[in-house]
Amino acid sequence: QVQPVESGGGSVEAGGSLRLTCTVSGRSSNLFAMGWFRQAPGKGREFVAGVSWTGQSTAYGGSVKGRFTISRDSDNRQLILQMNGLLPEDTSVYYCVAGVRRFGSTESLMEDDAIWGQGTQVTVSS
């Protein structure tokens, strides 16, 4: 059973950095896109960043582009989100999401059967 597990969340001051890691267990094939969403209290889920199964194509939400960088290891077992220049509005629970479409692009992360982790809290103070 596929299960993404996030780590690396915490509390930082505005302008600081955090590095989130997602580890995926239970999937023998690594031919799937992976990415990050976030959801703050009272708000809907927001796309943060994604990477295709090859690691060669990435996508970012407009609010984080230029500040966050997504990457993955060679076998797509670990996903990294490097967050720099954090702002209070980045405060949210960040979720790692694994696509289920083979050879998938980042668009596959939007599908209803994509698999979500439990999330990790990121808090940015002013």
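Residues numbered from 1 in each chain as written. Predicted model: local features only at pLDDT ≥ 70, side-chain atom pairs only at ≥ 80, totals over all residues. Heavy atoms only, no water.

Let's talk about the nonpolar core
Then comes step 1: Ranked by size, the top nonpolar core spans 23 residues in total, and within it Trp36, Val48, Phe68, Leu79, Leu81, Met83 and Tyr94 carry the most contacts.
Then comes step 2: Of all elements in the fold, only strand E3 (18-25), strand E4 (34-39), strand E5 (46-51), strand E7 (68-72), strand E8 (78-83), strand E9 (92-98) and strand E11 (120-125) reach the threshold of two or more residues within this core.
Then comes step 3: Ala33, Phe47, Leu109 and Ala114 belong to the second-largest nonpolar core, a separate cluster that totals six residues. (Core = buried A, V, L, I, M, F, W, Y, C linked by side-chain atoms within 4.5 Å. Buried < 20%, exposed > 50% of the residue type's maximum accessible area, 1.4 Å probe, protein only. Helix = DSSP H or I, 4+ residues; strand = E, 2+ residues; numbered from the N terminus.)

Notes on the packing of aromatic side chains
Then comes step 1: For the coordinates displayed, the defined rule picks out four aromatic pairs.
Then comes step 2: Residues phenylalanine 37 and phenylalanine 47 carry aromatic rings whose centres are separated by 5.4 Å and whose planes lie at 70° to one another, so their mutual orientation is edge-to-face. Highlighted residues: phenylalanine 37 in strand E4 and phenylalanine 47 in strand E5, separated in sequence by ten residues.
Then comes step 3: On the basis of relative accessible area, phenylalanine 47 is assigned to the buried category, the value being 18%.
Then comes step 4: Plain terms: the ring middles of tryptophan 53 and phenylalanine 103 are 5.3 Å apart, the flat faces sit at 75° to each other, and that makes the pair edge-to-face. Remark: phenylalanine 103 occurs in the loop between E9 and strand E10 (115-116) and tryptophan 53 occurs in the loop between E5 and strand E6 (58-60); sequence separation between them is 50 residues.
Then comes step 5: Taking relative accessible area as the criterion, tryptophan 53 reaches 27% and is therefore assigned partly exposed.
Then comes step 6: The class of phenylalanine 103 is partly exposed, set by a relative accessible area of 47%.
Then comes step 7: Every member of this aromatic cluster is reached through a ring pair, and the members are Phe37, Phe47, Tyr95 and Trp116.
Then comes step 8: The ring of tryptophan 116 carries arginine 45 above its face, with NZ or CZ at 4.1 Å from the centroid. (Phe/Tyr/Trp six-rings, centres within 6.5 Å; stacked < 30°, edge-to-face > 60°. Lys NZ or Arg CZ within 6 Å of the ring centre and 35° of its normal.)

Here we look at the pattern of salt bridges
Then comes step 1: All chains considered together, the criterion is met by four salt bridges.
Then comes step 2: Residue arginine 67 pairs with aspartate 90 through a salt bridge whose shortest N-O separation is 2.7 Å. Of the two residues, arginine 67 sits in the loop between E6 and E7 while aspartate 90 sits in the loop between E8 and E9, which places them 23 residues apart along the sequence. The burial state of arginine 67 is the same as that of aspartate 90; both residues are buried.
Then comes step 3: What you see here is one network of salt bridges that share partners, running through Arg38, Glu46, Arg67 and Asp90. (Salt bridge = Lys/Arg side-chain N within 4 Å of Asp/Glu carboxyl O.)

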